[in-house]
Amino acid sequence: MSLKGKCCVVGVCGGIAAYKVVDVVSRLKKLDAEVDVIMTASAQEFVTALTFRSITHRPVITDMFGEPEEWDVRHISLAQKADLFLIAPATANIIGKLASGIADDMLSTTVMATKAPVLIVPAMNYNMYANPIVQQNIEKLKKLGYYFMEPDTGRMAEGTSGKGRLPEPPVIVEEVCAMLKPTRDLEGLSILVTAGPTREALDPVRYLSNHSSGKMGYAVSQAAVERGADVILVSGPVAIDKPMGVEYIQVTSADEMYDAVMKNFKDCDAVVMSAAVADYKAAEVSDLKIKKQGDDFSVQLVKNVDILKELGRIKEDKILAGFAAETDNLLENAAKKIKEKNLDIIVANDVTMEGAGFGTDTNIIKILRKDGSVTDFPLMSKLSAAHCILDEIVGIYKSK
Ligand code: CTP
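Residues numbered from 1 in each chain as written. Predicted model: local features only at pLDDT ≥ 70, side-chain atom pairs only at ≥ 80, totals over all residues. Heavy atoms only, no water.

**Some remarks on the domain arrangement of the protein chain**
Accessible area lost upon the coming together of the parts serves often as the stated size of an interface.
Phase 1: When its domains are assigned, the protein chain resolves into domain 1 (7–180) and domain 2 (190–399).
Phase 2: In this structure, domain 1 and domain 2 have C-alpha centres spaced 43 Å apart. (Domains from an automatic or database assignment.)

Okay, here's the thing in structure tokens:
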């Protein structure tokens, strides 16, 4: 799941559960949402603005009159730019204010000015939550279109048990994700993705391979599924969980990957070839374990099939995206590959740069197009990079 391009404004009120919302905000950030936090005065008694600022890398709004010349613009702009407003923990006070139309601080004012859906997550003492006035206010707000999550039942901070606990952060984030559904711009498209390394056997116990973790290709698959594509993921051996919702084909060698890709190529609209296919394999694979011999030892290697080049030969109107992970002459090498393999785009990255190497969760990519144009992207999560690659594919598909 990615919330790239989505803006969630989080209103934090004064309750002990405010500390859990730090985790909620952190999780939303990890999903690439843009998060702005507004804290009430009493929220700041429980958690500092600095905590949220450190996570969101954005100013936290704490004071209605702190910056008078900016205030008006900000409260309106936050209200307008929110795709979703989350209030957690929501106290009896904020629920009462919203139900009564009282706008006397930054949070109540901004919520009242927004047209975005508002998700309210109450957390308070269970007797307060059960209070008929609070319940009436909740019912009133529900009728007006506000969304609510039920508090959990369990042990409260004061030591007794009841219904009033803030739900756990992953549950809140799940609800936010469900409300901020990503765009389904790949609906109806079938995308074949390859990922991970290949392993080329030398004997029954040894192989040649590389450091590819598969993370980039898995991120592309996950992002494509979220955006509505039918995804076939052909994966070499990796140590990460397969994304939900893909048709998964596990392979080991380049030859197996070639077979799986060729079998599925005719029915797909686009191929994203992020696998690090071994260029060579052993000329002969020994049936028995090769025993230690003299001081020098050599293995005869022969070239593997270049899967992407083969696809480029038979591509017709399909979209082909390749990868070029380089250590030097990045653009020059990538430009050569786009031509040689007849690609629409190639995603180039310099694996020597910090944050762009194998196994990391981030990447720094450049997208080269066959017309020679290049777009540079900053350091971002592999999931965000995956969305940038898919944006490009959508653009090509639409222009056809
Ligand atoms: N590729 C492929 N089959 C191969 C080798 C590479 O399909 N046997 C694909 C990769 O999945 C990648 C692109 O081709 O999308 C470029 O791979 P890369 O290893 O960078 O380039 P090579 O053509 O192998 O050239 P070199 O290793 O000399 O850089």
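**Overview of a nonpolar patch on the surface**
Phase 1: A cluster of nonpolar side chains, Leu 208, Tyr 280, Phe 297, Val 299 and Leu 301, forms an exposed patch at the surface whose accessible area comes to about 430 Å².
Phase 2: Residue position: Phe 297 is located in the loop between strand E14 (280–282) and strand E15 (301–303). (Patch = residues over 30% accessible without salt bridge, like charges linked within 9 Å, V, L, I, M, F, W, Y side chains within 5 Å. Areas by Shrake-Rupley, 256 points an atom, 1.4 Å probe, with all protein chains shown as cover. Salt bridge = Lys/Arg side-chain N within 4 Å of Asp/Glu carboxyl O. Helix = DSSP H or I, 4+ residues; strand = E, 2+ residues; numbered from the N terminus.)

**Points about the site of the ligand**
Phase 1: Every residue close to the ligand is listed here: Met 273, Ala 275, Val 277, Asp 279, Val 305, Asp 306, Ile 307, Leu 308, Gly 322, Phe 323, Lys 337 and Lys 341.
Phase 2: Residue Met 273 places a main-chain N or O atom 2.7 Å away from an oxygen atom belonging to the ligand.
Phase 3: Contact between the ligand and Lys 337: an oxygen atom at 2.7 Å from a side-chain N or O atom of the residue.
Phase 4: Protein contact buries 76% of the 560 Å² of open area that the ligand shows by itself.
Phase 5: Judged by the fraction of its atoms near the pocket grid, the ligand is located in the largest pocket. (Near = heavy atom within 4 Å. Polar contact = N/O pair within 3.5 Å; in protein donor to acceptor, adjacent residues only side chain to side chain. 1 Å grid on protein atoms, 1.4 Å probe; cavity = no way out; pocket = protein on both sides within 12 Å on 5 of 7 lines; lining within 4 Å. Sits in = over half its atoms within 2 Å of the grid points.)

**Here we look at the pairing of strand E2 (residues 34–39)**
The side chains of a regular strand alternate between both faces of the sheet.
Phase 1: Taken across its 6 residues, E2 has 5 buried, putting it largely inside the fold.
Phase 2: Relative to E2, strand E1 (residues 7–12) is paired through 6 bridges, and the arrangement is parallel. Within E2, the position partnered with Gly 11 by the bridge is Ile 38.
Phase 3: Considered for its hand, the β-α-β crossover made up of E1, helix H1 (residues 18–30) and E2 is right-handed. (Buried < 20%, exposed > 50% of the residue type's maximum accessible area, 1.4 Å probe, protein only. Pairing = 2+ DSSP bridges. Right-handed = clockwise from strand over helix to strand, strands pointing away.)

**Some details on the environment of Lys 318**
Phase 1: Note on placement: Lys 318 falls in the loop between helix H12 (307–313) and strand E16 (319–326).
Phase 2: In the structure, Lys 318 is positioned 25 residues away from Leu 343 in sequence and 9.7 Å away in space, judged by C-alpha atoms.
Phase 3: Separated by 3.5 Å, the side chain of Lys 318 and the backbone oxygen of Phe 265 make a polar contact.
Phase 4: A polar atom in the side chain of Lys 318 sits 3.0 Å from the backbone oxygen of Lys 266.

**A few points about the packing of aromatic side chains**
Phase 1: For the coordinates displayed, the defined rule picks out 1 aromatic pair.
Phase 2: Where Tyr 218 meets Tyr 248, the ring centres are 6.4 Å apart and the plane angle is 80°; that geometry is what we call edge-to-face. Here the residue Tyr 218 occupies a position in helix H10 (residues 215–226), and Tyr 248 occupies one in strand E12 (residues 247–250), the gap between them amounting to 30 residues.
Phase 3: Take Tyr 248: its relative accessible area is 26%, and that puts it in the partly exposed class.
Phase 4: The side chain of Lys 318 reaches across the aromatic face of Phe 265, ending 5.3 Å from its centre. (Phe/Tyr/Trp six-rings, centres within 6.5 Å; stacked < 30°, edge-to-face > 60°. Lys NZ or Arg CZ within 6 Å of the ring centre and 35° of its normal.)

**What about the sheet that holds strand E5 (residues 147–148)?**
Phase 1: Taken together, the 5 strands give an open sheet; going across it, the order is E2-E1-E3-E4-E5, and neighbouring strands pair in parallel fashion. Of all strands in the sheet, those with a lone pairing partner are E2 and E5, marking the two edges.
Phase 2: Strand direction decides the pairing type here: E1 and strand E3 (residues 84–90), joined by 4 bridges, are parallel. Looking at E3, one finds that Val 10 is bridged to Leu 86.
Phase 3: Helix H5 (residues 92–100) contacts E3, strand E4 (118–122) and E5 of the sheet and is inclined by roughly 135° relative to E3. (Contact = heavy atoms within 4.5 Å. Axes fitted to C-alpha atoms, helices over the stretch in contact; angles between N-to-C directions.)

**With respect to helix H14 (residues 382–399)**
Residue pairs spaced three or four apart in an α-helix point in one direction, given the helix's 3.6 residues per turn.
Phase 1: In this model H14 runs 26 Å from its N-terminal to its C-terminal C-alpha over 18 residues, within 8% of the 26 Å that 1.5 Å per residue would give.
Phase 2: Within H14, 13 of the 18 residues are buried, leaving the element largely enclosed by the surrounding structure. (Expected span 1.5 Å × (residues − 1).)

**Side note on unusual backbone geometry**
Phase 1: For the bond running from Ala 88 to Pro 89, omega is -15°, close enough to zero to count as cis.
Phase 2: Tracing the backbone through its elements, the reader meets Pro 89 in strand E3.
Phase 3: Backbone geometry at Glu 316 places phi at a positive 50°, although glycine is not the residue there.
Phase 4: Take Glu 316: it is sitting in the loop between H12 and E16.
Phase 5: On the basis of relative accessibility, which here comes to 72%, the residue Glu 316 falls in the exposed class.
Phase 6: For Asn 329, which is not glycine, the phi torsion reads 45° and is therefore positive.
Phase 7: Note that Asn 329 resides in the loop between E16 and helix H13 (330–340).

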